[in-house]
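Coordinate analysis (summary)
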Amino acid sequence: MRRRRSLPWIYRWSRSLIGAIAIAGAILTAYLTVTKLTGGEVACSFDAGASGGCSSVLDSPYAYVFGLPLSLFGCLAYLSMAVFALVPLAINGDRQKEAKKQLENITWWLLLAGSTSMAIFSGYLMYVLATQIQLVCFYCIGSALFSVSLLILTIVGRYWEDIGQILFMGIIVAVLTLMGTLAVYADVNNPEAAQVAQEEIVDADGLITVPVAQTNPTPPYGWEITTTSGESEMALAEHLNAIGAKEYGAFWCPHCYEQKQLLGKEAFEKINYVECDPQGINPQRDACIAAGVESFPTWEINGKLYPGTKTAAELAELSGYEGTMDFKYKLP
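Quick look at the structure, then. (Residues numbered from 1 in each chain as written. Predicted model: local features only at pLDDT ≥ 70, side-chain atom pairs only at ≥ 80, totals over all residues. Heavy atoms only, no water.)

The subject of this paragraph is the sheet that holds strand 8 (residues 304-307). The strands making up a sheet associate through hydrogen bonds between their backbones, and the pairing can be parallel or antiparallel. Spatially, the 4 strands line up as an open sheet ordered 6-5-7-8, and their pairing is mixed. Only two strands of the sheet have a single partner each, and these edge strands are strand 6 (272-275) and strand 8. For this sheet the average axis-to-axis angle between neighbouring strands, irrespective of direction, equals 25°. Here 4 bridges tie strand 5 (residues 246-249) to strand 6, and the two strands are oriented parallel to one another. Considered in strand 6, the bridge of E247 is made with Y273. (Pairing = 2+ DSSP bridges. Helix = DSSP H or I, 4+ residues; strand = E, 2+ residues; numbered from the N terminus. Axes fitted to C-alpha atoms, helices over the stretch in contact; angles between N-to-C directions.)

It is worth spelling out helix 7 (residues 163-184) at this point. In a regular helix each residue adds 1.5 Å, so 22 residues correspond to 32 Å; helix 7 covers 31 Å between its end C-alpha atoms and thus fits that length. Every buried residue of helix 7 is accounted for by I166, G170, V173, A174, T177 and T181. Along the long axis of helix 7, the arc covered by the buried residues comes to 110°, so they all point the same way. Among the exposed residues of helix 7, those oriented more than 90 degrees off its buried face are F168, I171, L176, M179 and A183. For helix 7, the secondary structure elements touched by its buried residues are helix 5 (97-133). Near the N-terminus of helix 7, the side chain that reaches the backbone nitrogen of G164, with its oxygen 2.9 Å away, is that of D162. (Expected span 1.5 Å × (residues − 1). Buried < 20%, exposed > 50% of the residue type's maximum accessible area, 1.4 Å probe, protein only. Arc of directions from axis to C-beta. Contact = heavy atoms within 4.5 Å. Polar contact = N/O pair within 3.5 Å; in protein donor to acceptor, adjacent residues only side chain to side chain.)

Every regular strand shows the same layout, with side chains that alternate between the two sheet faces. Bridging between strand 5 and strand 7 (residues 298-301) involves 3 bridges; their strand directions are antiparallel. The partner of K246 across the bridge, within strand 7, is E300. As judged from the 4 bridges shared by strand 7 and strand 8, these two strands associate in the antiparallel manner. Directly across from W299, in strand 8, lies its bridge partner Y306. Remark: 2 residues form the turn of the hairpin made by strand 7 and strand 8, two consecutive strands paired antiparallel; N302 in that turn has positive phi of roughly 55°.

Once that is clear, we can look at the nonpolar core. Core analysis: the largest hydrophobic core is formed by 28 residues, its most contacted members being I133, C137, Y139, W252 and F296. Of all the secondary structure elements, the ones that give two or more residues to this core are helix 2 (9-37), helix 3 (54-58) and helix 5. Looking at this core, the element that brings in the most residues is helix 5, giving 4 residues. Residues within four places of W252 in sequence aside, it is in contact with S56, V57, D59, S60, P61, I133, L135, P217, W223, D277 and F296. Formed by 18 residues, the second largest nonpolar core is a distinct cluster that contains Y78, A82, L153 and I166. (Core = buried A, V, L, I, M, F, W, Y, C linked by side-chain atoms within 4.5 Å.)

At the junction of F296 and P297, the peptide bond is cis and its omega measures out at -10° in the coordinates. In this fold, P297 is placed in the loop between helix 11 (285-291) and strand 7. The phi dihedral of N282 falls on the positive side, at around 50°, and the residue is not glycine. Take N282: it is sitting in the loop between strand 6 and helix 11. The backbone of N302 shows a phi angle near 55°, a positive value even though the residue is not glycine.

For the structure on display, the rule yields 12 aromatic pairs. Plain terms: the ring middles of W109 and W160 are 5.0 Å apart, the flat faces sit at 75° to each other, and that makes the pair edge-to-face. A residue pair is termed long-range when its members are at least 10 positions apart, and W109 in helix 5 and W160 in the loop between helix 6 (138-156) and helix 7 qualify at 51 residues. A residue is classified by how much of its surface remains accessible, and W109, at 22% relative accessible area, is partly exposed. Above the ring of W160, the side-chain terminus of R158 is found at 4.6 Å from the ring centroid. (Phe/Tyr/Trp six-rings, centres within 6.5 Å; stacked < 30°, edge-to-face > 60°. Lys NZ or Arg CZ within 6 Å of the ring centre and 35° of its normal.)

Listed below in structure tokens is the structure:
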């Protein structure tokens, strides 16, 4: 009892604090994962001065790993950290003292390795957010703060007998994490990786499911439009251009690419398209900020903003188009 009272409070509460932060991180990333997998839009307040929104960042090529949302892997990492931190606290009894001591020692090293890896990976994503995507994502920033907090609490939350071992393990884990991260994202800016699935699926109504992007886009063009416009798509595009409609997007945005595919290559060339990413072709970032664009793509039709990918039929209705409606394509 005397020894317990003499322990610094951080030693006594570190595992509980780590567990609480890890659970909060797991809830955050689980929400993002479920939202993305179900095709929903994340809730995110937008500041026009920030020049972007959470939805756009979470649709970027950096937000997917092996075809799955990055948040899914983040959720698994947070859950693992929660288990490492809290399981030893559940062991009680004098007979289990030795087993608990061994488990505590093992899990502290696992916590150190996990928190170091998460902090390094989060640091890389913050660098990408600031230099490549150049948009603000409060979910991403919050997750990064969680990761750094886990690392700090792991280091200061117990008495480490050999500081050299901590430094050695930290350096090894950091190097391996950085190498793995660079390997995972190696194709993001690789021109050879900008390929699109070409399969076309025709339904009973004769509508063709547009081919979607399967890999990462190449700056500044993104993915090549592979669909051919029909007469109705061309007429709609001319109508949208005539009434001053605009589409705001980013070259790396998968939903923006779906929008291009729905209209077809020839029709899209007639659309007044505004590129919001500084790395894209003829970027007009200030125009996107001034318009109050929160996510990509966003249509501006008759002075109103309509976020999200729109089918040709939806664009016709929103714009008052009264021409032929024999549109060719539908969303997957």
